[in-house]
Amino acid sequence: MEEIGFLGLGIMGKAMSMNLLRHGFKVTVWNRTLSRCDDLVKHGATIGETPAAVIKKCKYTIAMLSDPAAALSVVFDQHGVLEQICSGKGYIDMSTVDAETSSKISEAIAAKGGHFLEAPVSGSKKPAEDGQLVILAAGEKALYEAALPAFDVLGKKSFFLGHVGNGAKMKLVVNMIMGSMMNAFSEGLMLADKSGLNPQTLLDVLDLGAIANPMFKMKGPSMIQSSYPPAFPLKHQQKDMRLALALGDENSVPMPVAAAANEAFKKARSMGLGDLDFSAVHETVKSSKGSS
Ligand SMILES: NC(=O)C1=CN([C@@H]2O[C@H](COP(=O)(O)OP(=O)(O)OC[C@H]3O[C@@H](n4cnc5c(N)ncnc54)[C@H](OP(=O)(O)O)[C@@H]3O)[C@@H](O)[C@H]2O)C=CC1
Ligand SMILES: O=CCCC(=O)O
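Per an unreviewed UniProt entry, the chain goes by the name Glyoxylate/succinic semialdehyde reductase 1 and belongs to Sesamum indicum. The UniProt entry for the chain carries the following comment under Function (unreviewed entry): "Catalyzes the NADPH-dependent reduction of glyoxylate to glycolate as well as succinic semialdehyde (SSA) to gamma-hydroxybutyrate in vitro. May function in redox homeostasis and play a role in oxidative stress tolerance by detoxifying glyoxylate and SSA generated in glycolate metabolism and GABA metabolism, respectively." Here is the UniProt Sequence similarities (unreviewed entry) comment for the chain, exactly as written: "Belongs to the HIBADH-related family. NP60 subfamily."

The structure is reproduced here in structure tokens:
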């Protein structure tokens, strides 16, 4: 595969672009805070001064950005993707955004003769480092097939879900379920503790039963210690809950559990916990009245 551009070197983007470098891909990177490129340069990456410069140099460019506003800014703003995208060049946005944002980007890129694929991912920092992501792609099938050599390095499984928007929707449904589960898990840990049970024993019981899952196993011990090192920032989970609830509105789907979970994530953000891991929502349960 030709040289790959990579825009956005946060928790996920840094891990993913490092993985591409380790597997022999030539990678040109850009990040809004340019100093974040330094580590990648030490591992063989080249720096692009702007998103447009990266697009000009590379046949394919991946983006991994915070949210819809960031994804749109990198494409539409001065020195953005649109200034250099053209026929024969592909843009693959792996950020978690809503379908409308993906469609706006897709239409603008197509109008310039470029090619677009949305490909949000399931899996957090460690699966990104280990190339074990689940890739939820939608858009131009030919670009999906061209991207497979990179996707095979980045993930353990790739899905092609049809037209643009389906990848975004699938990702938001998955994260809505995950955010709702996290709140139930947090309340369960608190209930066990406050009713005189050992929360670690609860983790052991859960891990042997029908609801055993990697998230509980990985996050539980840290939550018991009130430790929330950011693998998936809470502010992004709350963004995903907000976008998922909007998707529910569009489709007249009642989602009272997700709405309650979103309120807890919003409360956590108001407590200044947005940059911690999304499991820090546990602090909102601990801070509730009567849980001194
Ligand atoms: N962390 C996780 O477990 C997972 C995250 N995701 C999704 O992946 C995306 C990235 O997540 P993650 O890496 O954790 O997030 P981070 O907050 O670690 O990184 C966000 C990236 O977006 C960039 N950015 C933010 N705002 C702008 C802007 N206005 N213009 C240009 N660049 C901007 C940041 O640049 P700068 O360094 O300058 O701030 C940084 O490169 C998000 O959509 C998230 O929902 C998906 C799966 C798992
Ligand atoms: O969007 C991030 C979700 C994190 C995960 O899938 O474990």
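S.K.: How would you summarise the side chain of Asn-19 if you had to cite specific residues and measurements?
M.R.: Inspection of the secondary structure puts Asn-19 in helix H1 (residues 11-22). Here the side chain of Asn-19 touches Ala-128 through a polar contact of 3.2 Å, landing on its backbone oxygen. Among residues more than four places away in sequence, those in contact with Asn-19 are Ala-128, Glu-129, Asp-130, Gly-131 and Val-153.

S.K.: Let's hear about helix H7 (residues 141-154): which residues, and what values?
M.R.: Helix length check: H7, at 14 residues, gives a terminal C-alpha distance of 18 Å against a target of 20 Å (1.5 Å per residue), a fit within 8%. Of the positions making up H7, those classed as buried are Leu-143, Tyr-144, Ala-147, Ala-150, Phe-151, Val-153 and Leu-154.

S.K.: Describe the site of ligand 2, and please don't skip the residues or the numbers.
M.R.: Around ligand 2, the structure places Ser-122, Gly-123, Ser-124, Lys-171, Asn-175, Met-178 and Phe-232. The separation between an oxygen atom of ligand 2 and a polar main-chain atom of Gly-123 is 2.8 Å. At 2.8 Å, a side-chain N or O of Asn-175 approaches an oxygen atom of ligand 2. Its free accessible area being 250 Å², ligand 2 has 83% of it covered by the protein chains. Per element, the largest residue contribution to the shell around ligand 2 is three residues, and it comes from helix H8 (residues 166-194). Broken down by class, the residue content of the shell around ligand 2 amounts to two nonpolar, four polar and one charged.

S.K.: Would you mind going over the packing of helix H9 (residues 199-208) against helix H10 (residues 214-224) in detail, with residue names and values included?
M.R.: Contact geometry for H9 and H10: axes closest at 10 Å, N-to-C directions at 175°. For the element pair H9 / H10, the angle class is roughly antiparallel. Across from Pro-199, Gln-200, Leu-203, Leu-206 and Asp-207 in H9, the residues of H10 making contact are Phe-216, Lys-217, Gly-220, Pro-221 and Ile-224. Class assignment of the residues belonging to the contact of H9 with H10 gives a composition of six nonpolar, two polar and two charged.

S.K.: Before we move on, can you summarise the environment of Ile-135 with the specific residues and values?
M.R.: Counting through the fold element by element, Ile-135 comes out in strand S8 (residues 133-139). On the basis of relative accessible area, Ile-135 is assigned to the buried category, the value being 0%. Sequence separation between Ile-135 and Leu-148 is 13 residues, and the spatial gap between their C-alpha atoms is 10 Å.

S.K.: Outline the domain arrangement of the chain, listing residues and values.
M.R.: As assigned here, the chain comprises domain 1 (3-162) and domain 2 (169-285). Each of domain 1 and domain 2 was reduced to a C-alpha centroid, and the two centroids are 28 Å apart. Across the boundary between the two partners, domain 1 contributes 15 residues, which contact 13 residues of domain 2. Carbon and sulfur atoms supply 70% of the area buried between domain 1 and domain 2, which totals about 1,100 Å² over both sides. Inspection of the domain 1/domain 2 interface yields zero salt bridges. Our enumeration of links across domain 1 and domain 2 arrives at four residue pairs in polar contact (both at pLDDT 80 or more). For the side of domain 1 that touches domain 2, a count of residues per class yields eight nonpolar, four polar and three charged.

S.K.: Account for the packing of aromatic side chains, naming residues and giving values.
M.R.: Inspection of every chain in the model, using the stated rule, returns five aromatic pairs. Among the aromatic side chains, those forming a connected cluster through ring pairs are Tyr-144, Phe-151 and Phe-160. Positioned over the ring face of Phe-159 is Lys-157, at 5.2 Å from the centre of the ring.

S.K.: Lay out the site of ligand 1 with the relevant residues and their values.
M.R.: The full set close to ligand 1 counts 24 residues, and Asn-31, Arg-32, Thr-33, Arg-36 and Ser-124 are the nearest of them. Here Ile-11 contributes a backbone N or O atom positioned 2.9 Å from an oxygen atom of ligand 1. Between His-236 and ligand 1, the recorded distance is 3.0 Å, taken from a side-chain N or O atom to an oxygen atom. Taking 890 Å² as the accessible area of ligand 1 by itself, protein coverage stands at 89%. Only H1, helix H4 (68-76) and helix H11 (234-250) provide two or more residues apiece to the shell around ligand 1. When grouped by side-chain class, the residues that make up the shell around ligand 1 number eleven nonpolar, nine polar and four charged. No fewer than three residues from each of domain 1 (3-162) and domain 2 (169-285) sit in the shell around ligand 1.

Calculation criteria
- Residues numbered from 1 in each chain as written.
- Chains lettered and ligands numbered in written order.
- Predicted model: local features only at pLDDT ≥ 70, side-chain atom pairs only at ≥ 80, totals over all residues.
- Heavy atoms only, no water.
- UniProt positions renumbered as here; feature names shortened; annotations may be inferred.
- Helix = DSSP H or I, 4+ residues; strand = E, 2+ residues; numbered from the N terminus.
- Polar contact = N/O pair within 3.5 Å; in protein donor to acceptor, adjacent residues only side chain to side chain.
- Contact = heavy atoms within 4.5 Å.
- Expected span 1.5 Å × (residues − 1).
- Buried < 20%, exposed > 50% of the residue type's maximum accessible area, 1.4 Å probe, protein only.
- Near = heavy atom within 4 Å.
- Areas by Shrake-Rupley, 256 points an atom, 1.4 Å probe, with all protein chains shown as cover.
- Nonpolar A, V, L, I, M, F, W, Y, C, P; charged D, E, K, R; others polar.
- Axes fitted to C-alpha atoms, helices over the stretch in contact; angles between N-to-C directions.
- Parallel < 35°, antiparallel > 145°, perpendicular 65-115°, else oblique.
- Domains from an automatic or database assignment.
- Buried area = accessible area lost by both parts, 1.4 Å probe.
- Salt bridge = Lys/Arg side-chain N within 4 Å of Asp/Glu carboxyl O.
- Phe/Tyr/Trp six-rings, centres within 6.5 Å; stacked < 30°, edge-to-face > 60°.
- Lys NZ or Arg CZ within 6 Å of the ring centre and 35° of its normal.

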